[in-house]
Amino acid sequence: CVEGKRKCSLSADPEMGILEKVDRLMAEIEEGTTLLDSAAETLSGIEDAQEQAEHCRDMIVPLMTSLRSSVDSLEVICDKKVWPYPSTGALIFSVK
C-alpha cells in the first residue's frame, strides 16, 4: 500500500503514521510485558503476605495498567480479523 502510493507519487503519510503508531505500541507492549514478568518473578520470591500485597499494589498493578493502556490503543487500530484476543466489548457484553 505504502510502496504503491509512493510509486504513483502520492503521499503515504497517513499510512506511515499508523505504522509508526503500531510500532511504538508494540515496543511499549514488549517492554511492559518484560517489566511485568520481572515484577511477577520478584513477587514469587516474597514470602510475607503483607509484602506481597504491597508489591502487587506498588509494582504489578501500575505495570498492568500501563500495559493495558498500550494494548487497548493497539486494539483500536487492528482489524478484528487479525486481533488474536477477545475485544474488551466482547468480554464485557458476552457474559453468560
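Residues numbered from 1 in each chain as written. Predicted model: local features only at pLDDT ≥ 70, side-chain atom pairs only at ≥ 80, totals over all residues. Heavy atoms only, no water.

## A few points about helix 2 (residues 13-44)
And step 1. With 32 residues, helix 2 should reach 46 Å at 1.5 Å per residue; the first-to-last C-alpha distance of 46 Å fits that figure.
And step 2. Residues of helix 2 that are buried make contact with helix 3 (49-77). (Helix = DSSP H or I, 4+ residues; strand = E, 2+ residues; numbered from the N terminus. Expected span 1.5 Å × (residues − 1). Contact = heavy atoms within 4.5 Å.)

## Description of the packing of helix 2 against helix 3
And step 1. Interhelical geometry of helix 2 versus helix 3 gives an angle of 160° and a closest axis separation of 9 Å. On the basis of the axis angle, helix 2 is roughly antiparallel to helix 3. Regarding helix 2 and helix 3, the two cross each other, and that crossing is left-handed. (Axes fitted to C-alpha atoms, helices over the stretch in contact; angles between N-to-C directions. Parallel < 35°, antiparallel > 145°, perpendicular 65-115°, else oblique. Left-handed = near helix turned anticlockwise from the far one by under 90°.)

## Describing the pattern of salt bridges
And step 1. Taken as a whole, this structure holds three salt bridges when the rule is applied.
And step 2. The salt bridge partner of Arg24 is Glu28, with a shortest N-O separation of 2.8 Å. Taken together, the positions of Arg24 and Glu28, both in helix 2 and four residues apart, correspond to about one turn of that helix.
And step 3. Relative accessible area serves as the criterion here: at 31%, Glu28 is assigned to the partly exposed category.
And step 4. Among the salt bridges present, the one from Asp58 reaches Arg57, with a minimum N-O distance of 2.7 Å.
And step 5. The class of Asp58 is partly exposed, set by a relative accessible area of 44%. (Salt bridge = Lys/Arg side-chain N within 4 Å of Asp/Glu carboxyl O. Buried < 20%, exposed > 50% of the residue type's maximum accessible area, 1.4 Å probe, protein only.)

## Side note on the nonpolar core
And step 1. Judged by nonpolar contacts, Leu25, Ile29, Leu36, Ala39, Ile60, Leu63, Leu67, Leu74 and Trp83 together constitute the single largest core of nine residues.
And step 2. For this core, the elements supplying multiple residues, two or more each, are helix 2 and helix 3.
And step 3. Those residues in contact with Leu63 that lie beyond four places of it in its chain are Leu35, Leu36 and Ala39. (Core = buried A, V, L, I, M, F, W, Y, C linked by side-chain atoms within 4.5 Å.)

## Some words on the environment of Met59
And step 1. By the secondary structure assignment, Met59 is in helix 3.
And step 2. Residue Met59 is classed as partly exposed on the basis of its relative accessible area, which comes to 41%.
And step 3. Spatially, the C-alpha atoms of Met59 and Ala39 are 6.7 Å apart, while their sequence positions differ by 20 residues.

## Structural notes on the side chain of Ser70
And step 1. Position of Ser70 relative to the elements: it lies in helix 3.
And step 2. With near-sequence residues (within four places) excluded, Ser70 lies in contact with Leu25, Glu28 and Ile29.

## What about a negative patch on the surface?
And step 1. Together, Glu47, Asp48, Glu51 and Glu54 give the surface a local cluster of negative charge.
And step 2. Tracing the backbone shows Glu54 in helix 3.
And step 3. Among the residues examined, Glu54 registers a relative accessible area of 31% and is labelled partly exposed. (Patch = residues over 30% accessible without salt bridge, like charges linked within 9 Å, V, L, I, M, F, W, Y side chains within 5 Å. Areas by Shrake-Rupley, 256 points an atom, 1.4 Å probe, with all protein chains shown as cover. Lys, Arg positive; Asp, Glu negative; His and termini not counted. Charge placed at Lys NZ, Arg CZ, Asp CG, Glu CD.)

The values are spatial; any link to function lies outside them.
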